[in-house]
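# Inside the fold
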Amino acid sequence: RSHLHDEHDSPIGAVAARVETKPNKSLRFGADIVQHSKAVTYNRPFETSDKDELPNPPNPLYPAQKRWDKGRAISADARFKKKHFMLRGEFLYGDRVDIDTRYGAKTFWAAWGLAAYRIDITDDVRLLPAVRYEWLDGDREHDVGVQQQYSVALNVLFWERVRFVIEVTRNDVQA
């Protein structure tokens, strides 16, 4: 439904598609596209909390309204998995549809990568150390808003469904 609610409700707000191929047992590629089909202004008439109000709302009768523009996002991802080693990554590019919070930004792009290696201790216990890097430019047109995140994690997997995770993350945010 995308951002369509109440009086704007519609069964189709955003349309998405994904294609995926697995050329061999250890390699997978995928691509996605999402189309936010129309601009929407949701007045949020029943929101009475003042913490979500816009400083200068376009319509003073609805100070908590939210506005979204139409737009599109695409992504491409890949995964390589061989024995105990896994390498994954994804690239995204799209239009900013959040009119009230984009502050002049029109498009964004992002990428992330992850590497992990599974170590079998016993049949029921495995260790999975992993490293991850994420990069997001929320305002591609201007030299502001880049965020980077570096993570190191150790997963301890018990049986098939129990996982204990220790993670250390560093966030770098451009002024």
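The rules behind each value
Residues numbered from 1 in each chain as written. Predicted model: local features only at pLDDT ≥ 70, side-chain atom pairs only at ≥ 80, totals over all residues. Heavy atoms only, no water. Core = buried A, V, L, I, M, F, W, Y, C linked by side-chain atoms within 4.5 Å. Buried < 20%, exposed > 50% of the residue type's maximum accessible area, 1.4 Å probe, protein only. Contact = heavy atoms within 4.5 Å. Helix = DSSP H or I, 4+ residues; strand = E, 2+ residues; numbered from the N terminus. Pairing = 2+ DSSP bridges. Patch = residues over 30% accessible without salt bridge, like charges linked within 9 Å, V, L, I, M, F, W, Y side chains within 5 Å. Areas by Shrake-Rupley, 256 points an atom, 1.4 Å probe, with all protein chains shown as cover. Salt bridge = Lys/Arg side-chain N within 4 Å of Asp/Glu carboxyl O. Polar contact = N/O pair within 3.5 Å; in protein donor to acceptor, adjacent residues only side chain to side chain.

## Section: the nonpolar core
Residues Met86, Ala116, Leu128, Ala130 and Leu157 constitute the largest nonpolar core, which totals five residues. Setting aside residues up to four positions removed in sequence, Ala130 forms contacts with Ala115, Ala116, Ser151, Val152 and Ala153.

## Things to note about unusual backbone geometry
Phi at Tyr103 takes a positive value of approximately 45 degrees, unusual for a residue other than glycine. You can see Tyr103 is positioned in the loop between strand S6 (85-95) and strand S7 (107-117).

## Comments concerning the pairing of strand S9 (residues 125-137)
Note that S7 and S9 share eight bridges and pair antiparallel. Across the sheet, residue Ala110 finds its bridge partner in S9, namely Leu136. Bridging between strand S8 (residues 119-120) and S9 involves two bridges; their strand directions are antiparallel. Within the sheet, the bridge partner assigned to Asp120 lies in S9 and is Arg126. Between the end of S8 and the start of S9, which pair antiparallel, lie four residues. Sheet topology note: the S9/strand S10 (residues 146-158) ladder contains 13 bridges and is antiparallel. Within S10, the position partnered with Val125 by the bridge is Phe158.

## Some remarks on the environment of Ala14
Note that Ala14 resides in strand S1 (residues 14-24). By relative accessible area, Ala14 is classed as partly exposed at 34%. Note: C-alpha distance between Ala14 and Ser37 (23 residues apart in sequence) is 5.7 Å.

## A word on a nonpolar patch on the surface
Judged by side-chain polarity, Phe80, Phe85, Leu87, Tyr117, Ile119 and Ile121 come together as a nonpolar surface patch covering roughly 510 Å² of accessible area. You can see Tyr117 is positioned in strand S7.

## Considering the pattern of salt bridges
The full count for this structure, using the stated rule, is 11 salt bridges. In this structure, Arg18 and Asp77 form a salt bridge, with 2.9 Å as the shortest nitrogen-oxygen distance. Of this pair, Arg18 sits in strand S1 while Asp77 sits in strand S5 (residues 71-82), and the two are 59 residues apart along the sequence. Overall, Asp77 belongs to the buried group, its relative accessible area being 11%. Via salt bridges that share partners, Arg18, Glu20, Arg28, Asp32 and Asp77 belong to a single interconnected network.

## Details of the environment of Glu90
Among the secondary structure elements, Glu90 is positioned in strand S6. Overall, the relative accessible area of 21% leaves Glu90 in the partly exposed class. In sequence terms Glu90 and Glu134 are 44 residues apart; their C-alpha atoms lie 9.6 Å from each other. In contact with Glu90, other than residues within four places in its own chain, are Ser75, Ala76, Asp77, Ala110, Ala111 and Trp112. At 3.3 Å, the side chain of Glu90 and the side chain of Ser75 are in polar contact.

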